[in-house]
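# Commentary on secondary and tertiary structure
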Amino acid sequence: MNVSLENTAIITLIVLTGLSAGLCFTWSNAVTTGLGRLDNIGYLSAFQQMNRTIINPTFFLVFFGPFFLSIINIYVFRNAPSNIKGLLIAAAIVYTVGVLLVTIFGNVPLNELLDKTNIATASTEDLQNLRATFETKWNQFHAIRTVTATIAFVLLVISAMQIAKNNL
């Protein structure tokens with residue numbers, strides 16, 4: 001494989017999408033399940049701090065990078081066979097809808113609700129209600145992100161195999 005714009009674009013897209021899928025997978029299998037074992041104040045406090053900490057440049061690169069690189073790859077491979085373009089478009093749609101839009105319209109509003117809460121001064125009942133409102137919905141949205149990020153990653157790996165097979 002030679003160093004070219006096309007190869008650099010697809011490899012970077014696959015790596016960032018894989019990192020995003022891995023992040024989602026790890027949260028699903030370790031972070032949220034571990035937090036779920038905590039009492040209400042521990043759960044809500046830890047989740048609140050992680051939500052505040054994850055907002056950083058590295059996260060934004062991994063999270064939004066696949067969206068922008070998908071657009072670039074669709075353009076770069078615009079003259080590729082239709083099966084390759086179809087895989088790239090499908091991966092872009094799956095990632096955009098299942099990861100970005102679910103996050104923006106599902107997880108982020110829940111994160112904002114949690115962030116606005118002063119956990120130190122909230123009553124036991126308020127904490128219980130907040131957790132009941134937050135936890136199940138957040139985990140359901142996150143499950144969608146985990147599955148769709150993984151599907152997008154697999155579609156991109158298949159597209160790279162097709163690109164290599166066609167010597168593009």
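These notes cover the structure that comes with them.

Definitions and cut-offs
- Residues numbered from 1 in each chain as written.
- Predicted model: local features only at pLDDT ≥ 70, side-chain atom pairs only at ≥ 80, totals over all residues.
- Heavy atoms only, no water.
- Helix = DSSP H or I, 4+ residues; strand = E, 2+ residues; numbered from the N terminus.
- Contact = heavy atoms within 4.5 Å.
- Phe/Tyr/Trp six-rings, centres within 6.5 Å; stacked < 30°, edge-to-face > 60°.
- Buried < 20%, exposed > 50% of the residue type's maximum accessible area, 1.4 Å probe, protein only.
- Patch = residues over 30% accessible without salt bridge, like charges linked within 9 Å, V, L, I, M, F, W, Y side chains within 5 Å.
- Areas by Shrake-Rupley, 256 points an atom, 1.4 Å probe, with all protein chains shown as cover.
- Salt bridge = Lys/Arg side-chain N within 4 Å of Asp/Glu carboxyl O.
- Polar contact = N/O pair within 3.5 Å; in protein donor to acceptor, adjacent residues only side chain to side chain.
- Axes fitted to C-alpha atoms, helices over the stretch in contact; angles between N-to-C directions.
- Parallel < 35°, antiparallel > 145°, perpendicular 65-115°, else oblique.
- Left-handed = near helix turned anticlockwise from the far one by under 90°.
- Nonpolar A, V, L, I, M, F, W, Y, C, P; charged D, E, K, R; others polar.
- Bend = angle between axes of the 7 residues up to and from the residue.

The next point concerns the side chain of Arg131. Tracing the backbone shows Arg131 in helix H5 (residues 124-165). If near-sequence neighbours (up to four positions away) are discounted, Arg131 is found in contact with Leu35, Gly36, Leu38, Asp39, Asn40, Tyr43 and Leu44.

Bringing the packing of aromatic side chains into the picture now. Per the stated rule, a full pass over the model turns up twelve aromatic pairs. With centroids separated by 5.8 Å and ring planes inclined at 65 degrees, the aromatic side chains of Trp27 and Phe47 adopt a geometry described as edge-to-face. Here Trp27, found in helix H1 (residues 5-35), pairs with Phe47, found in helix H2 (residues 40-54); they are 20 residues apart in sequence, far enough to count as distant. The pair Trp27 / Phe47 is uniform in exposure class, with both members buried.

In this section: the environment of Ile119. Examined against the element boundaries, Ile119 turns out to sit in the loop between helix H4 (82-115) and H5. Those residues in contact with Ile119 that sit more than four places away from it in its chain are Ile41, Leu44, Ser45, Gln48, Leu114 and Leu127.

This part covers a nonpolar patch on the surface. Among the surface-exposed residues, Ile89, Ile93, Val97, Leu101, Ile104 and Phe105 lie close enough to one another that they form a single nonpolar patch of about 550 Å² accessible area. One can find Leu101 in helix H4.

This brings us to the environment of Thr96. For Thr96, the location among the structural elements is in helix H4. Apart from residues no more than four positions distant in its own chain, Thr96 is found in contact with Phe67 and Leu101. Within the structure, the side chain of Thr96 is placed 2.7 Å from the backbone oxygen of Ala92, a separation counted as a polar contact.

What follows deals with the packing of H1 against H5. It is at 8 Å that the axes of H1 and H5 come closest, and there the two elements cross at 150 degrees. Taken as axis vectors, H1 and H5 run roughly antiparallel relative to one another. By crossing handedness, the relation of H1 to H5 is classed as left-handed. Partitioning the contact of H1 with H5 into residue classes produces 16 nonpolar, ten polar and two charged.

What follows is about helix H3 (residues 57-76). The sharpest bend along H3 comes to roughly 45 degrees, located at Gly65, with the proline Pro66 sitting one to four residues further on. What H3 keeps buried is the set Phe59, Val62, Phe63, Gly65, Pro66, Leu69, Ser70, Asn73 and Val76. Where H3 is buried, its residues meet H1, H2 and H4. With a side-chain oxygen lying 3.0 Å from the backbone nitrogen of Thr58, the N-terminal cap of H3 falls on Asn56.

Here the focus is the packing of H1 against H2. Between H1 and H2, whose axes approach to 11 Å, the crossing angle comes to 155 degrees. With respect to H2, the element H1 is oriented roughly antiparallel. Taking contact as the criterion, the partners of Leu23, Trp27, Val31, Thr32 and Leu35 in H1 are, on H2, Tyr43, Ala46, Phe47, Met50 and Ile54. When grouped by side-chain class, the residues that make up the contact of H1 with H2 number nine nonpolar, one polar and no charged.

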